[in-house]
Amino acid sequence: MAIPKLYQWLLAASTFMAAWLSYVLGFFQTNLRHEYHEIILVLPIYLLMAFASYSLALLGYRVATFNDCKEAAAELQEDVKEARKDLERIGYKYASDWQ
Amino acid sequence: MAERNKYSVLLPTYEERNNLPLIVWLLVKHLSKSGHDFEIIIIDDGSPDGTLDVAKELQRLYGKDKIVLRPREKKLGLGTAYIHGIKHATGNFVIILDADLSHHPKFLPEFIRKQAEKDYDVVTGTRYRGNGGVFGWDLKRKVISRGANYLTQVLLRPGVSDLTGSFRLYKKAVLEKLINACVSKGYVFQMEMIIRARQFNFSVAEVPITFVDRLYGESKLGGSEVVAFFKGVLYLFATT
């Protein structure tokens, strides 16, 4: 059996945070340019916000394009009529339910 | 000589006196039309509205080999209903769908055709892809549905677009194995079935379907269902 998703997430998150924290707390020497340093500092928050925005946009898109099947509903109404007629014809004894 | 395929349709019912004759008529119509060998197994959980009498009448009209009755004393849950239903199923494939006309039998030939494409172990209906869809849902319901589905995609990565659907075709042996491996109830059970199927490396395909629910009457999505859903997702997230 594979590792449950929860633990996959925890593993990925703690690996990322360990790397990020050790950079931020200066556990090792780097000679990064100032801009890259700034970017790395805000990376966790940035990634979270980027994910949230993407999710919201995707959700909006999916709700907007959610097919509304009017023809399917109309077709079902017709099917129901036809079914009732046919059932009566072959002698369905509870047809009075529909009156 | 190749074995002929036979499809056992499982129809758990509770208070479906009005819908049962209609869904049976539609099943007979669409499965006969496409020339498939089938049986319809009705598992009624002691409905007080006389659903079982209706089932017996349908058996009289369509014959005991087409309509099989496996009633139970009281409402005992979906998983056990399936187990009870397949005990005497003579098909090598099992179809499950709702008895309230929200799942239309006209899609069954497409399910069957899709299964044969690559001998899939499971074929599941999706409302979210292709021509799939719903009817008459307001904005709130659509947002909740898509939101909940997105949560399952992110957390569970199920490999299917519609995890909570219950319009499906299974190979009988696959269904038996999955039911025995599942512990959840209600529609979390339906989610768990697909997750376990993927765990066991069963192949799963999708067919777009239209979901027309509650043509008559109000649908209810109560607070308890929402809580149960979240608990179910978290349970699957932590254990699979």
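The rules behind each value
- Residues numbered from 1 in each chain as written.
- Chains lettered and ligands numbered in written order.
- Predicted model: local features only at pLDDT ≥ 70, side-chain atom pairs only at ≥ 80, totals over all residues.
- Heavy atoms only, no water.
- UniProt positions renumbered as here; feature names shortened; annotations may be inferred.
- Helix = DSSP H or I, 4+ residues; strand = E, 2+ residues; numbered from the N terminus.
- Contact = heavy atoms within 4.5 Å.
- Buried area = accessible area lost by both parts, 1.4 Å probe.
- Salt bridge = Lys/Arg side-chain N within 4 Å of Asp/Glu carboxyl O.
- Polar contact = N/O pair within 3.5 Å; in protein donor to acceptor, adjacent residues only side chain to side chain.
- Nonpolar A, V, L, I, M, F, W, Y, C, P; charged D, E, K, R; others polar.

The name given to chain B in an unreviewed UniProt entry is Dolichol-phosphate mannosyltransferase subunit 1, and the organism recorded there is Elysia chlorotica. As stated in UniProt under Catalytic activity (unreviewed entry), the record for chain B gives "a di-trans,poly-cis-dolichyl phosphate + GDP-alpha-D-mannose = a di-trans,poly-cis-dolichyl beta-D-mannosyl phosphate + GDP". Quoted verbatim from the Sequence similarities (unreviewed entry) field of the UniProt record, the comment on chain B reads "Belongs to the glycosyltransferase 2 family."

Going by the annotation in an unreviewed UniProt entry, the name recorded for chain A is Dolichol-phosphate mannosyltransferase subunit 3, with Elysia chlorotica given as the source organism. Database annotation for chain A, UniProt heading Subunit (unreviewed entry): "Component of the dolichol-phosphate mannose (DPM) synthase complex." Checking UniProt for chain A, the heading Function (unreviewed entry) contains the comment "Stabilizer subunit of the dolichol-phosphate mannose (DPM) synthase complex; tethers catalytic subunit to the ER."

Asks: I tried to follow the UniProt feature "domain: Glycosyltransferase 2-like" (unreviewed entry) in chain B on my own but got confused; where do I start?
Replies: Per the UniProt record, "domain: Glycosyltransferase 2-like" (unreviewed entry) is annotated on residues 8-178 of chain B. In residues 8-178 of chain B, the share of helix is 42% and the share of strand is 19%. The end C-alpha atoms are 17 Å apart.

Asks: I tried to follow the interface of chain A and chain B on my own but got confused; where do I start?
Replies: For an interface, size is often stated in terms of accessible area lost upon the parts coming together. The interface of chain A with chain B comprises 39 residues on the first partner and 48 residues on the second. For the chain A and chain B pair, buried surface summed over both sides reaches about 3900 Å², with 64% attributable to carbon and sulfur atoms. Considering only the surface of chain A that becomes buried against chain B, Lys5(A), Phe66(A) and Leu76(A) emerge as the three largest contributors, covering 18% of it. Linking chain A to chain B there are three salt bridges. As a salt-bridge pair, Asp97(A) and Arg17(B) come within 2.7 Å of each other at their nearest N and O atoms. Across the chain A-chain B interface, the total number found is 16 residue pairs in polar contact (both at pLDDT 80 or more). Listing elements by their share of the side of chain A that touches chain B, those giving two or more residues are helix H1 (5-24), helix H2 (34-64) and helix H3 (70-89) of chain A. In terms of residues, the side of chain A that touches chain B owes the most to one element, H3(A), which gives 13 residues. Taken together, the residues that form the side of chain A that touches chain B break down as 23 nonpolar, five polar and eleven charged.

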